[in-house]
Number of protein chains: 2
Amino acid sequence: MAAAAFLKHGKKIVAIGRNYADHVKELNNAIPKEPFFFLKPTTSYLPSGGKVEIPRGIIAHHEVELGLVIGKGGRDISQSNAESHIAGYALAVDMTARNLQEEVKKKGLPWSAVKGFDTFTPISSFVPRSLVTDVHNLNLQLKINGAVKQDGNTSDMIFKVPRLIEHISSIMTLEEGDLILTGTPSGIGPIKAGDEIECLLSDSQGKELVRLNFGT
Amino acid sequence: MAAAAFLKHGKKIVAIGRNYADHVKELNNAIPKEPFFFLKPTTSYLPSGGKVEIPRGIIAHHEVELGLVIGKGGRDISQSNAESHIAGYALAVDMTARNLQEEVKKKGLPWSAVKGFDTFTPISSFVPRSLVTDVHNLNLQLKINGAVKQDGNTSDMIFKVPRLIEHISSIMTLEEGDLILTGTPSGIGPIKAGDEIECLLSDSQGKELVRLNFGT
Ligand SMILES: [Mg+2]
Ligand SMILES: [Mg+2]
Ligand SMILES: [Mg+2]
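Rules behind the numbers
- Residues numbered from 1 in each chain as written.
- Chains lettered and ligands numbered in written order.
- Predicted model: local features only at pLDDT ≥ 70, side-chain atom pairs only at ≥ 80, totals over all residues.
- Heavy atoms only, no water.
- Least-squares fit on C-alpha atoms with pLDDT ≥ 70 in both.
- Contact = heavy atoms within 4.5 Å.
- Donors = N, O, S within 2.8 Å, 3.2 Å for Na, K, Ca; no water.
- Helix = DSSP H or I, 4+ residues; strand = E, 2+ residues; numbered from the N terminus.
- Buried < 20%, exposed > 50% of the residue type's maximum accessible area, 1.4 Å probe, protein only.
- Buried area = accessible area lost by both parts, 1.4 Å probe.
- Salt bridge = Lys/Arg side-chain N within 4 Å of Asp/Glu carboxyl O.
- Nonpolar A, V, L, I, M, F, W, Y, C, P; charged D, E, K, R; others polar.
- Pairing = 2+ DSSP bridges.
- Axes fitted to C-alpha atoms, helices over the stretch in contact; angles between N-to-C directions.
- Phe/Tyr/Trp six-rings, centres within 6.5 Å; stacked < 30°, edge-to-face > 60°.

J.: Is there a simple way to explain the relation of the copies chain B and chain A in this structure?
T.: Relating one copy of the chain to the other takes a rotation about an axis and a shift parallel to that axis. Its rotation angle being 180°, the transformation that places chain B on chain A also includes 0.0 Å of axial translation and leaves an RMSD of 0.0 Å. Here the two chains are linked by the operation of a two-fold rotation axis. The share of interface residues of chain B whose copies in chain A are also at the interface is 100%, consistent with both copies meeting through the same surface.

What follows is the structure, encoded as structure tokens:
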């Protein structure tokens, strides 16, 4: 496979939680001492232009995130080697059933269902690594019906990209086509029936790298 | 792909928790009112004959479980159609970093890491569906160094196989090669360096269906 075809062939999505301080605060969570993650199924991918299905009774929150597409797989990847394992990037939204998540957090239950519904990972097309000069200076923006809701920069990550890859690969082998979601900046909130969501990834010069659009 | 090659091509492992009353009691958990599940990465598969790696500082518990290998994928599968989506079975052990699991349960954090280490899903070869006449009357046995530790029967599942498939597929699409782990009977406990683990799946007549062996 080519990593660019990760939507079709990739086997896992590893999603980091609480990686931007402002977002950690808005949900009244504690700043983590080390990265943590959960898995999302690849059946949750929704290519740009699609519609998120909001299950009955669910409050579905958007979390716009930078995705890392793994090219060369590996285990126990060091921070100094981490970048060479990245084939490229994608812009993603980690949709979250927030009301169910509050329940499972209280009960100490897994997050897999509240993060894993079909269509709960809207995802852009592939951005080759060569187009990105500094992964830690990218703008992530999400608008609903034209109003800016999230507007963050990857420079604010608590744990940087090499640390994330080192941490995940110390637990589980990364494979070509895997996607790592790197956490969301502040501004999360619900999307509702009829909303039009537009996300933009741009670099420090304001140059657009990729867009992601979806409805409900 | 053929479902029999699920180890190589399957994309997800969906693992049911607390599905045998005696096991729920031994961990002082509540009997669930509906099924719940978590995801394990397919990078955690360990084919029979391999060695489980126990990470430093981890108490690694065995949970022997019946695995369902999905043949025909689907979404919103009804209980009456569920069996037709099963291509066959496998015997599996859902290895669990129990001490870390207790910590993440208290903190309301995801289970993905504590269940997802490389080698944490020892797995037998594929058992075609045609060899099993009654999925709800199979014996699951696990021995450590010859001593029986787990000895259960699938008739004791709280939620039966059709209900599990209905529940999971109401949240996420099942695909060919996916594996569903159906929960563990009582008798879980730690495995230690040097242990030899042997698991047996047999039918109500005592006929052996498949074995699974691994070391540490
Ligand atoms: Mg997120
Ligand atoms: Mg989880
Ligand atoms: Mg289990």
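That was the structure; now back to the text.
J.: Would you mind showing me how to read the coordination of the magnesium ion (ligand 3) here?
T.: Reference geometry at the metal: tetrahedral coordination by four donors gives ideal angles of 109.5 degrees; octahedral coordination by six donors gives 90 or 180 degrees. Residue and element names in this part refer to chain B. Every protein donor of the magnesium ion (ligand 3) is listed here as Glu63 (OE), Glu65 (OE) and Asp94 (OD), and their distances to the metal cover 2.0 to 2.1 Å. Donor residues binding the magnesium ion (ligand 3) come from one chain and are separated in sequence as E-x1-E-x28-D. A residue pair is termed long-range when its members are at least 10 positions apart, and glutamate 63 in the loop between β4 (60-62) and β5 (64-70) and aspartate 94 in the loop between β6 (86-93) and β7 (96-97) qualify at 31 residues. Accessibility assignment for this pair places glutamate 63 and aspartate 94 in one class, buried.

J.: Is there a simple way to think about the interface of chain B and chain A in this case?
T.: Reports often express the size of an interface as the amount of accessible area lost when the parts come together. With 30 residues of chain B at the interface, the matching set in chain A holds 30 residues. Between chain B and chain A, a total of about 2500 Å² is buried, with carbon and sulfur atoms accounting for 59% of that surface. By the criterion of area lost to chain A, the three top residues of chain B are Lys11, Pro110 and Ile171 of chain B, representing 21% of everything that side buries. In this assembly, chain B and chain A are joined by four salt bridges. With its nearest N and O atoms 3.6 Å apart, the salt bridge here joins arginine 75 of chain B to glutamate 53 of chain A. Sort the elements by how many residues they give to the side of chain B that touches chain A and strand β2 (residues 37-40) of chain B lands first, with four residues. The residue makeup of the side of chain B that touches chain A, split by class, is twelve nonpolar, eight polar and ten charged.

J.: Would you take a moment to explain the sheet that holds strand β11 (residues 147-153) of chain A for this structure?
T.: Either a parallel or an antiparallel arrangement is found when strands of a sheet pair, and the pairing is made through backbone hydrogen bonds. All names here are of chain A. On the basis of which strands lie adjacent, the open sheet formed by four strands has the order β11-β10-β14-β15 and antiparallel pairing. In this open sheet, the two strands that pair with only one neighbour each are β11 and β15 (208-214). Across the sheet, the axes of successive neighbouring strands diverge by a mean angle of 15°, strand direction being ignored. In terms of strand pairing, strand β14 (residues 197-202) meets β15 through six bridges, oriented antiparallel. Counterpart to isoleucine 197 in the pairing with β15 is phenylalanine 214.

J.: Quick question: what am I supposed to make of the packing of aromatic side chains here?
T.: Any aromatic ring pair is given by two values, namely how distant the centres are and how the planes are angled relative to each other. Scanning all chains against the criterion turns up ten aromatic pairs over all chains. Relative to tryptophan 111 of chain B, the ring of phenylalanine 38 of chain B has its centre 5.4 Å away and its plane inclined at 40°; by these criteria the two rings are tilted. Placement of the pair is phenylalanine 38 of chain B in strand β2 and tryptophan 111 of chain B in the loop between α3 (98-107) and α4 (112-116), with a sequence separation of 73 residues. On the basis of relative accessible area, phenylalanine 38 of chain B is assigned to the buried category, the value being 2%. Relative accessible area serves as the criterion here: at 4%, tryptophan 111 of chain B is assigned to the buried category. When the ring of phenylalanine 117 of chain B is compared with that of phenylalanine 120 of chain B, the centres are 5.1 Å apart and the planes differ by 50°; the resulting orientation is tilted. Like phenylalanine 117 of chain B, the residue phenylalanine 120 of chain B is buried in the burial classification. Counting every residue linked through ring pairs, the aromatic cluster contains Phe6, Tyr45 and Phe126 of chain A.

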